[in-house]
Amino acid sequence: DEIGPPIEVTISHWPRLDYGGGNDTIRALSNEILSTIREVAQLNPLFRENVQFFTMHLDANDPYRLADFAASVCSAGKPEDLQAILEEKDPEMRLHKALVLLSREREVSKLQQEISRKVEEKMSESQRRYFLMEQLKSIKKELGMERDDK
């Protein structure tokens, strides 16, 4: 088993565009991201746990960090989508991409909740049916219409 030489990498950080907080579009996107995060957290307990764990790292006034946070708590995104958010230099586009990812997460959470509700209904229905059948057997036995075969 040969490992080989260590990998050499050169890293250069790109200069962030300065965001002074005056852009209404960025503020609106930030508010929508925060709103969507709250909504998904109400729908999905696993997402809620992720959000609670990472909330201490959230800076809602920095569009770059907010977009990164939104992407980091999403499980519905493909690696390419997450990478595209990290590579985006424009804060408005970065927030927009993160919002698209969060919206997908919201739809998946709604679908999970619907599936869970249907499964629960089905289980309740079969339990109710079993209970009613047992009651029917008991009533028939009391009326002498059926014998106890035990």
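Here the structure is shown first, and the text comes after it.
Residues numbered from 1 in each chain as written. Predicted model: local features only at pLDDT ≥ 70, side-chain atom pairs only at ≥ 80, totals over all residues. Heavy atoms only, no water.

### With respect to the pattern of salt bridges
Piece 1. Applying the stated criterion across every chain yields a total of eleven salt bridges.
Piece 2. The salt bridge partner of arginine 27 is aspartate 24, with a shortest N-O separation of 3.4 Å. Taken as a pair, arginine 27 and aspartate 24 lie in helix α1 (residues 24-43) at a separation of three residues, close to a single helical turn.
Piece 3. Overall, arginine 27 belongs to the partly exposed group, its relative accessible area being 38%.
Piece 4. A salt bridge links lysine 137 to glutamate 134, with the shortest nitrogen-to-oxygen separation between them at 3.6 Å. Remark: glutamate 134 and lysine 137 occur in helix α5 (residues 91-142); sequence separation between them is three residues, near one turn of the helix.
Piece 5. Classification of lysine 137 by relative accessible area gives partly exposed; the value is 43%.
Piece 6. For glutamate 134, a relative accessible area of 34% gives the class partly exposed.
Piece 7. One salt-bridge network, held together by shared partners, links Glu39, Arg106, Glu107 and Lys110. (Salt bridge = Lys/Arg side-chain N within 4 Å of Asp/Glu carboxyl O. Helix = DSSP H or I, 4+ residues; strand = E, 2+ residues; numbered from the N terminus. Buried < 20%, exposed > 50% of the residue type's maximum accessible area, 1.4 Å probe, protein only.)

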